[in-house]
Amino acid sequence: MNDKNSNKMWGGRFSVSPSEVMEEINASFAYDQRFAEQDIRGSKAHAAMLATQGIITKTDAKTIAKGLDTVLEEIKSGNFQWQRSLEDVHMNVEARLTEIVGPAAGRLHTARSRNDQVATDFRLYIRDTIDVIDRSLADLQKTLATKADTYAGTVMPGFTHLQPAQPVTFGHHLLAYVEMFARDRSRLADARKRLNECPLGAAALAGTSFPIDRKATATALDFAAPTANSLDSVSDRDFVLEVLSTATICATHMSRFAEEIVIWSTPQFGFIQLSDAWTTGSSIMPQKRNPDAAELVRAKVGRIAGAFNSLTLVMKGLPLAYSKDMQEDKEVTFDALDSFMIALAAMNGMVQDMEPAPEAMAAAAGSGFSTATDLADWLVRELKLPFREAHHVTGCVVSMAEKADCELWELPLETLQSVEPRISKDIYSVLSVEKSVASRTSYGGTAPQNVRKVARSWIKRLDRAPYNR
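I will try to describe carefully the structure that is included in this document.

Analysis parameters
Residues numbered from 1 in each chain as written. Predicted model: local features only at pLDDT ≥ 70, side-chain atom pairs only at ≥ 80, totals over all residues. Heavy atoms only, no water. Axes fitted to C-alpha atoms, helices over the stretch in contact; angles between N-to-C directions. Helix = DSSP H or I, 4+ residues; strand = E, 2+ residues; numbered from the N terminus. Parallel < 35°, antiparallel > 145°, perpendicular 65-115°, else oblique. Left-handed = near helix turned anticlockwise from the far one by under 90°. Contact = heavy atoms within 4.5 Å. Phe/Tyr/Trp six-rings, centres within 6.5 Å; stacked < 30°, edge-to-face > 60°. Lys NZ or Arg CZ within 6 Å of the ring centre and 35° of its normal. Salt bridge = Lys/Arg side-chain N within 4 Å of Asp/Glu carboxyl O. Buried < 20%, exposed > 50% of the residue type's maximum accessible area, 1.4 Å probe, protein only. Core = buried A, V, L, I, M, F, W, Y, C linked by side-chain atoms within 4.5 Å. Pairing = 2+ DSSP bridges. 1 Å grid on protein atoms, 1.4 Å probe; cavity = no way out; pocket = protein on both sides within 12 Å on 5 of 7 lines; lining within 4 Å. Points joined across faces, edges and corners; volume = space filled by probe spheres on them. Patch = residues over 30% accessible without salt bridge, like charges linked within 9 Å, V, L, I, M, F, W, Y side chains within 5 Å. Areas by Shrake-Rupley, 256 points an atom, 1.4 Å probe, with all protein chains shown as cover. Lys, Arg positive; Asp, Glu negative; His and termini not counted.

**A few points about the packing of helix 3 (residues 36-52) against helix 6 (residues 114-150)**
- In the contact formed by helix 3 and helix 6, the axes pass within 9 Å of each other and the chain directions differ by 120 degrees. As far as their axial angle goes, helix 6 and helix 3 are oblique. The element helix 3 and its partner helix 6 pack so that their crossing is right-handed. Across from Gln38, Asp39, Arg41 and Ser43 in helix 3, the residues of helix 6 making contact are Gln117, Asp121, Leu124, Tyr125, Arg127 and Asp128.

**Points about the packing of aromatic side chains**
- Tallying each qualifying case throughout the model produces 14 aromatic pairs.
- Each member of the aromatic cluster is reached from another via a ring pair, and the members are Tyr151, Phe170, Tyr177, Phe181, Phe257 and Trp264.
- In this arrangement the basic side chain of Arg127 is found over the ring face of Phe223, its NZ or CZ atom lying 4.7 Å from the centre.
- Sitting above the plane of the Trp458 ring, Arg461 keeps its charged end 3.8 Å from the centroid.

**Side note on the pattern of salt bridges**
- What the rule picks out here adds up to 25 salt bridges.
- As a salt-bridge pair, Asp131 and Arg192 come within 2.8 Å of each other at their nearest N and O atoms. Residue Asp131 is found in helix 6, and its partner Arg192 is found in helix 7 (residues 170-195); the two are separated by 61 residues along the sequence.
- What makes Asp131 buried here is its relative accessible area of 16%.
- Note that Arg440 is salt-bridged to Asp377, the shortest N-O span being 3.4 Å. Here Arg440, found in the loop between helix 17 (433-439) and helix 18 (448-464), pairs with Asp377, found in helix 14 (residues 372-383); they are 63 residues apart in sequence, far enough to count as distant.
- By sharing partners, the salt bridges in this structure join Glu87, Asp88, Arg114 and Lys324 into a single network.

**Side note on the environment of Asn450**
- Its location among the elements puts Asn450 in helix 18.
- According to the relative accessible area criterion, Asn450 is buried, its value standing at 14%.
- Each C-alpha atom, one on Asn450 and one on Ala152, is 8.5 Å from the other, the two residues being 298 residues apart in sequence.
- Beyond its immediate chain neighbours, meaning those up to four positions away, Asn450 contacts Arg440, Thr441, Ser442, Gly444 and Gly445.

**Observations regarding unusual backbone geometry**
- Here the residue pair Leu320 and Ala321 is connected by a cis peptide bond, since its omega of 10 degrees sits within 30 degrees of zero.
- Of note, Ala321 is situated in the loop between helix 11 (292-315) and helix 12 (329-353).
- Within the chain, Glu87 stands out as a residue other than glycine whose phi angle is a positive 75 degrees.
- Inspection of the secondary structure assignment puts Glu87 in the loop between helix 4 (58-77) and helix 5 (89-101).
- According to the relative accessible area criterion, Glu87 is buried, its value standing at 4%.
- The backbone phi angle of Leu162 is positive, close to 60 degrees, even though this residue is not glycine.
- For Leu162, the position within the fold is in the loop between strand 1 (155-160) and strand 2 (163-169).

**As for the nonpolar core**
- In terms of nonpolar packing, the biggest core is built from 98 residues, with Ile126, Phe257 and Met347 touching the most fellow members.
- When residues in this core are grouped by element, the largest group, 15 residues, is from helix 10 (residues 238-264).
- Apart from the residues lying within four places of it in its own chain, the contact partners of Met347 are Leu140, Met254, Phe257, Ala258, Ile261 and Val297.

**Let's talk about the pairing of strand 1**
- Bridging between strand 1 and strand 2 involves six bridges; their strand directions are antiparallel. Bridging across to strand 2, Phe159 finds its partner in Pro164.
- Turn length for the strand 1-strand 2 hairpin, with the two strands adjacent in sequence and antiparallel, is two residues, and the turn residue His161 shows positive phi of about 60 degrees.

**Section: empty space enclosed by the protein**
- For the coordinates displayed, the defined rule picks out two cavities of 30 Å³ or more.
- In this structure, the second largest cavity occupies an estimated 40 Å³ of space.
- Taken together, Ile133, Leu137, Asp184, Leu188, Val243, Thr246, Ala247, Cys250 and Phe340 form the lining of the second largest cavity.
- Of all the secondary structure elements, the ones that give two or more residues to the lining of the second largest cavity are helix 6, helix 7 and helix 10.
- Ranked by the residues each element gives to the lining of the second largest cavity, the list is headed by helix 10, at four residues.

**A look at the environment of Lys300**
- When you line up the elements, Lys300 lands in helix 11.
- Taking relative accessible area as the criterion, Lys300 reaches 19% and is therefore assigned buried.
- Lys300 sits 95 residues away from Leu205 along the chain, and the two C-alpha atoms are 36 Å apart.
- Contact partners of Lys300, with chain neighbours within four places excluded, come to Ser339, Ile342 and Ala343.

**With respect to the packing of helix 10 against helix 12**
- For the pair helix 10 and helix 12, the least separation of the axes is 10 Å and the interaxial angle reads 35 degrees. Seen from above, helix 10 lies across helix 12 with left-handed handedness. Along its contact with helix 10, which presents Val240, Val243, Leu244, Ala247, Cys250, Ala251, Met254, Phe257, Ala258 and Ile261, the element helix 12 presents Thr333, Ala336, Leu337, Phe340, Ala343, Leu344, Met347, Met350 and Val351.

**Topic: a nonpolar patch on the surface**
- Taken together, the side chains of Leu205, Leu231 and Leu320 define a hydrophobic patch exposed on the protein surface, amounting to about 270 Å² of accessible area.
- With respect to the helices and strands, Leu231 occurs in helix 9 (residues 230-235).
- Residue classification places Leu231 among the partly exposed residues on the basis of a relative accessible area of 31%.

**Things to note about the side chain of Asp116**
- Among the secondary structure elements, Asp116 is positioned in helix 6.
- Although Asp116 is buried, it forms no salt bridge, and the closest oppositely charged side chain is Arg112 at an N-O distance of 6.1 Å.
- Excluding anything up to four places from it in sequence, Asp116 contacts Pro199, Leu200, Gly201, Ala202, Ala203 and Val234.

Here it is in structure tokens:
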């Protein structure tokens, strides 16, 4: 592989070409070609600025812009010939531009480096991806809120420790995830604001002696401002880490919901059913309906969190400014965000598809003495017992029900009065699961009237301003 021809990409400094192994480990075009559109947007803005500042001619800037449009068309159509020897998307684009427009292409790289170029491309890409994710999350929220409104009064068990705790409604349960995804969207919006500064013009690490206008390129690319420190501009990847961190949190929320879908769809629970569109069969057991989509969503958090950890470890020991280690920032990020977006789409599809089984949910909601807290609250409210004493009385009643193998509302009044003589027949008004959920009218509670109000409020909010941008 080695020869005496000079390496054109590196200019006159090197007299031989890199070995095949060096070429292989150094090349990134196989994955960073995903930056092509952002790279060309940045180059067009840079060329226009150079012309405005009199650094290159306006004729050259127009020639460059037209040539870059041709390159982008070739890439989009699949007719672009990528060359591994040129390493990355930037040099591949520039080499093809040179073939198309000639010497004018050589002026494009004036007053910039691949260091600020890739930092700009990456910020543009992450910003674009955040906008796509935000729309997907808003759509998922709308799906959840709509289903919550439909099933605002459908009783189901609420769990702690995966044990029946208190009755809630299916709509209330779904709205919990609407709130989680709202916080995820807020985190993404915050991350977007922080990354929305333009590194272009920081050059390799120290800025440039050319009279460039960094505010002009920032404005042309819809950034809020240029980055303030050239060293930080090219060595920072915390904007990627922040988005991966947020994606990890959101994927964890999806994974928790996916786990519930897996549990709820078992015959032992039978709370919901997913159609053939979101389940698979078995190669040997013809009766099986496996919730594979939910299981895969549950698994995606591993890849997303792994990407966050991977990039953290890449960055943790790097001195300023740029090091080639940072080339490892892209592949894991692309994989993580791809995984995240397919999981979002699958989750939205499953929520739209799943049908609850109200009778099974209601039967389970009444099991495990789930209205015991209602009994204790009644004792406090009606008999003025201290809560701890009411808790003790209720515990005794539950023990009696266990021994009698019956539910609380099936115990005779005289049995209840043997524990606390002042208990009246009014106690039965709070022991049904329907009465229990209806009584939870405190702000944020599970009462159906609360659920309908909140669900409809979310639907209106999402219809009025569905996306952060």
